[in-house]
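# Coordinate inspection notes
For reference, the chains in residue letters:
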Amino acid sequence: MASLNGLGEFLREQRRTAKLSLRQLADAAGVSNPYLSQIERGLRKPSAEILQQLAKALRISAETLYVQAGILDEREREELAVPAAVLADPTITEQQKQALLQIYTSFREQNGHNPAQREGSSAKAANPGEPSDGDLDPAGPSNGSRGPDNATGTEMRREGG
């Protein structure tokens, strides 16, 4: 099956980019070394749960692997390209990734793209990492960001310094 070979090649490429051995990735993802080897060679089709574990270990989005495995529809590939690239970037923090995704989603919605209204996009609309219509302010997400906001951080620096 072509999608299994493509998935296996993609996984191998991501593993090598992350400078992980087959055994290291298998351990990090909680799967056996032979099983991961079979996935990379296109002999086994992993479940969505296994793909999620592999994505977490590789620090890439699970959606990227779902598209490679044929779990997500091909139409969604373009919509996932930017978020997947942001999530896969090891040079920025998780908080920075979420901020970029919120801004990106905000711009798309302002330009008339509303995934909740598109046919067949329920998985995309239900993505918890994306802001709702009420969370479009990129300067202050109302979903409880992990760090202090800019005003609080500035006040803390003035008090401490």
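Think of each chain on its own: its residues are numbered from 1, step by step along the sequence as written. In keeping with the predicted nature of the model, local features appear solely for residues at pLDDT of at least 70, side-chain atom pairs appear and are counted solely at 80 or more, and the whole-chain, interface and lining totals rest on all residues. Hydrogens and waters are ignored; side-chain quantities use all the structure's heavy atoms.

Bringing the overall build of the protein chain into the picture now. By definition, any uninterrupted DSSP run of H or I lasting at least four residues is a helix, any uninterrupted run of E lasting at least two residues is a strand, and each is numbered from the N terminus. Scanning the protein chain from terminus to terminus reveals 9 helices and 0 strands. Listed N to C, the secondary structure of the protein chain is α-α-α-α-α-α-α-α-α in terms of helices and strands. Across the 161 residues that make up the protein chain, the buried fraction comes to 34%. Here a residue-residue contact requires only that any non-hydrogen atoms of the pair lie within 4.5 Å. Look at the contacts in the protein chain between residues 6 or more apart in sequence, and 51% of them connect residues 24 or more apart. All accessibility values rest on the Shrake-Rupley procedure with a 1.4 Å probe; residue burial counts only the protein chains present in the view. As displayed, the protein chain offers around 10200 Å² of accessible surface, 50% of which is attributable to carbon and sulfur atoms. Burial classes follow relative accessibility: with a 1.4 Å probe on protein chains only, a residue under 20% of its type's maximum area counts as buried, one over 50% as exposed, and anything between as partly exposed.

One turn of the α-helix equals 3.6 residues, which is why residues spaced by three or four share an orientation. Helix span is expected to be 1.5 Å times the residue number reduced by one. Relative to the 24 Å expected for 17 residues at 1.5 Å per residue, helix H7 (residues 94-110) spans 24 Å between its end C-alpha atoms, a close match to the ideal helical length. Restricting attention to buried positions, one finds in H7 the residues Lys-97, Leu-101, Gln-102, Thr-105, Ser-106 and Glu-109. End-on view of H7: buried residues confined to an arc of 165°, all on one side of the axis. Where H7 ends, the next residue or the one after it, Gly-112, has phi of about 95°, a positive value. Regarding the arc, it is the one traced by the directions from the helix axis to the C-beta atoms.

Turning to the pattern of salt bridges, a few remarks are in order. Note that side chains of opposite charge can pair when their charged atoms are close. For this analysis, a salt bridge means a side-chain nitrogen from Lys or Arg found within 4 Å of a carboxyl oxygen belonging to Asp or Glu. Enumeration according to the criterion identifies 3 salt bridges in this entry. Linking Glu-40 and Arg-12 is a salt bridge whose minimum nitrogen-to-oxygen distance equals 3.5 Å. Residue Glu-40 is located in helix H3 (residues 33-40), and its partner Arg-12 is located in helix H1 (residues 2-17); the two are separated by 28 residues in the primary sequence. With its nearest N and O atoms 2.6 Å apart, the salt bridge here joins Glu-40 to Arg-15. Of this pair, Glu-40 sits in helix H3 while Arg-15 sits in helix H1, and the two are 25 residues apart along the sequence. Like Glu-40, the residue Arg-15 is buried in the burial classification.

Contact geometry of helix H4 (residues 48-58) with helix H5 (residues 62-69) gives a least axis separation of 8 Å together with a crossing angle of 130°. On the basis of their axis angle, the class for H4 and H5 is oblique. Pair H4 / H5 crosses with right-handed handedness. Counting all contacts with H4, which are made through Ala-48, Leu-51, Gln-52, Leu-54 and Ala-55, the residues of H5 involved are Ala-62, Leu-65, Tyr-66 and Ala-69. Here the nonpolar group is Ala, Val, Leu, Ile, Met, Phe, Trp, Tyr, Cys and Pro; Asp, Glu, Lys and Arg are the charged ones; every other residue, Gly included, is treated as polar. Looking at the contact of H4 with H5 residue by residue, the class counts come to 8 nonpolar, 1 polar and no charged. To define axes, lines are fitted to C-alpha atoms, for helices over the stretch in contact only, and angles between the resulting N-to-C directions are given on a 0 to 180 degree scale. By the definition adopted for this analysis, an angle is roughly parallel if under 35 degrees, roughly antiparallel if over 145, roughly perpendicular if from 65 to 115, and oblique otherwise. Whether a crossing is left-handed or right-handed is set by the direction in which the near helix is turned from the far one by less than a right angle, anticlockwise for left-handed and clockwise for right-handed.

A few words now on the confidence of the model for the protein chain. The pLDDT averaged across the protein chain works out to 74; a share of 65% of its residues lies at or above 70. This model gives residues 117-161 a pLDDT under 50, and the stretch forms 34 contacts once residues within four places in sequence are excluded. pLDDT: the predictor's confidence for each residue, scored from 0 to 100.

Within the largest apolar cluster, 24 residues are counted, with the highest numbers of intra-cluster contacts made by Leu-11, Val-31, Leu-36, Leu-54 and Leu-65. Looking at this core, the elements with two or more residues in it are H1, helix H2 (22-29), H3, H4 and H5. Beyond its immediate chain neighbours, meaning those up to four positions away, Leu-65 contacts Leu-7, Phe-10, Leu-11, Leu-51, Leu-54, Ala-55 and Ile-60. Note on terminology: a nonpolar core comprises buried Ala, Val, Leu, Ile, Met, Phe, Trp, Tyr and Cys residues joined through side-chain atoms within 4.5 Å.

Attention now moves to the environment of Gln-38. Inspection of the secondary structure assignment puts Gln-38 in helix H3. For the pair Gln-38 and Gly-8, spaced 30 residues apart in the sequence, the C-alpha separation amounts to 8.3 Å. Contacts of Gln-38, omitting those with residues within four sequence positions, involve Leu-43 and Arg-44. Under this definition, polar contacts are N or O atom pairs within 3.5 Å; protein pairs additionally need one hydrogen-donor-capable and one acceptor-capable atom, and for neighbouring residues in sequence, both atoms have to be side-chain atoms. Reaching out from Gln-38, the side chain makes a polar contact with the side chain of Arg-44 at a distance of 2.8 Å.

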